[in-house]
Amino acid sequence: MKNNNNKISLFSLIKLAFIGLMTSTTLNAKILDFGPNVLTADPSGHVWKDGRMYVYVSHDLECQEDFHMKDWLVYSSDDLKQWTNHGPFMSLDDFSWADNYAWAPDAAYKNGKYYAVLPVGTGFKDRINPEKSTKWMGLGMAVSDSPTGPFKDAIGKPLWTKPYTNDPSLFIDDDGQAYLYFHAKGYDYHVVKMNDDLLSVDGKFIKMDMGGYTPKMEGPWVFKRGDNYYFTMPENNRVLTYYMAKSPTGPWEYKGTFMDQEHNANNHHSIVQFKGQWVLFYHRWINVPGSSCHKRQRVTAMEPITFNADGTINKVQRTD
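So, here is what we can say about the structure in this document.

Rules behind the numbers
- Counting starts from 1 at the beginning of each chain's written sequence and moves along it residue by residue.
- Owing to the predicted nature of the model, reporting of local features is limited to residues with pLDDT of at least 70; listing and counting of side-chain atom pairs is limited to 80 or more, with chain, interface and lining totals taken over all residues.
- To obtain the side-chain values, all non-hydrogen atoms of the structure were used and water was disregarded.
- Relative accessibility thresholds used throughout: buried, under 20% of the residue-type maximum; exposed, over 50%; partly exposed, between the two (1.4 Å probe, protein chains only).
- Numbered from the N terminus, helices here are DSSP runs of H or I no shorter than four residues, and strands are runs of E no shorter than two.
- The pairing criterion is simple: DSSP has to find at least two bridges between the two strands.
- The term nonpolar core refers to a set of buried residues drawn from Ala, Val, Leu, Ile, Met, Phe, Trp, Tyr and Cys, joined through side-chain atoms within 4.5 Å.
- Lines are fitted to the C-alpha atoms to define the axes, a helix being fitted only along its stretch in contact, and any angle between axes, read from their N-to-C directions, falls within 0 to 180 degrees.
- Side-chain rings of Phe, Tyr and Trp (the six-membered ring for Trp) are treated as a pair once their centres are within 6.5 Å; stacked means planes under 30 degrees apart, edge-to-face means over 60, and tilted covers the remaining angles.

### Comments concerning the pairing of strand E20 (residues 277–286)
Buried residues dominate E20, accounting for 10 of its 10 residues. Of the two faces of E20, the one lined by Gln277, Val279, Phe281, His283 and Trp285 and the one lined by Trp278, Leu280, Tyr282, Arg284 and Ile286 are each fully buried. Here strand E19 (residues 269–274) runs beside E20; their pairing, made up of six bridges, is antiparallel. Considered in E20, the bridge of His269 is made with Tyr282.

### Section: the nonpolar core
Residues Trp72, Phe89, Met90, Phe95 and Leu118 are the most contacted members of the largest nonpolar core, which totals 23 residues. Every element with two or more residues in this core is listed here: strand E4 (53–60), strand E5 (71–77), strand E6 (82–91), strand E8 (113–122) and strand E9 (136–144). No other element matches E8, which puts four residues into this core.

### Observations regarding the sheet that holds strand E12 (residues 178–184)
Here four strands make up an open sheet; going across it, the order is E11-E12-E13-E14 and the pairing antiparallel. Bordering the open sheet on either side are strand E11 (165–172) and strand E14 (201–207), each of which pairs with just one other strand. Put simply, the sheet's adjacent strands are angled 25° from each other on average, direction ignored. As paired strands, E12 and strand E13 (residues 190–194) are joined by four bridges and run antiparallel to one another. Among the inter-strand pairings, Tyr179 is bridged to a residue of E13, identified as Lys193.

### Brief notes about the packing of aromatic side chains
Per the stated rule, a full pass over the model turns up 29 aromatic pairs. Judged by centre distance (5.7 Å) and plane angle (65°), the rings of Tyr230 and Phe307 are edge-to-face. With Tyr230 in strand E16 (residues 228–235) and Phe307 in the segment after strand E21 (297–304), the pair connects residues that are 77 residues apart, well separated along the chain. The exposure classification of Tyr230 matches that of Phe307, with both residues buried. Pairwise contacts between aromatic rings join Tyr56, Trp72, Phe89, Phe95, Trp97, Trp136 and Phe151 into one cluster.

### As for the sheet that holds E21
With respect to topology, four strands assemble into an open sheet ordered E2-E21-E20-E19, the strand pairing being antiparallel. Strands with a single pairing partner mark the edges of an open sheet, and in this sheet they are strand E2 (30–31) and E19. Pairing of E20 with E21, which is carried by eight bridges, proceeds in the antiparallel orientation. Residue pairing across strands places His283 opposite Thr300, the latter belonging to E21.

### Describing unusual backbone geometry
Cis geometry is found at the peptide bond from Lys162 to Pro163, where omega equals 5°. As for its position among the elements, Pro163 is in the loop between strand E10 (152–153) and E11. Positive phi, normally seen in glycine, also occurs at Leu80, with a value near 65°. Here Leu80 is to be found in the loop between E5 and E6. Phi angles above zero are rare outside glycine, and Asn237 is one such case at about 70°. Mapped onto the elements, Asn237 comes out in the loop between E16 and strand E17 (239–245).

Printed below as a string of structure tokens:
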């Protein structure tokens, strides 16, 4: 896989200027321009053993129809100001069993290896006549010796074929146990334990107790801060909301919204701590100059995210 290690200065696609992006305690909002005419979404942020921030993103194509995406990109930074473009770390061509929908990625580090869990699929979705749809999606597992790849399909098939699944979140607890959360047809608010090799599941899907609150969801993101576990998601595919628990499998208590919707469009996010500051990565739909197809396109953005003494999350405002 070709790597492009050119340094990129972050500047706003909508020509917004921000001063003092990061100090020891303060991070200002920023839309991240990962290169000329590069459209990205579904950011998965991780800080690996070298201390750098790595952001794995899906890659929107200009004028693509219904999110027919082909590859995934990765960028890294040691200050959230200057970013290194490592190029595509994997593409649909690397999966013999899928040919469409390179959607929201996630990643993990375990046993000296880097793992990517990637939703991919086949077929097409017929929005006018849903009964004619042939679309199917599943989760692939890829492995690499490097956080930037190249990654290789590690099992040559999806983790499972039923249920139809996308939007994975792979969380590794302090004891090394890995949990895989996901969006799945008829299986939202479920989790499954992963075996130590991260290439197979351990046991059956676990339906979690969400305290009676189970709205329509998309990509979950699970993390731990102190003694609290957080289950966060785009509720109704739009509004970022969260739950808290003392266990990675719940029971969960609904806590409310921490980011409102924008343009009645989808969102997908990750939350990670970097040099003492918690950061929210997400995507926005903005007017992109020169686009010949869509009024708005998706770009990756970041905001600081803060917590109260009881662990609850303060509301995050997008900064224009």
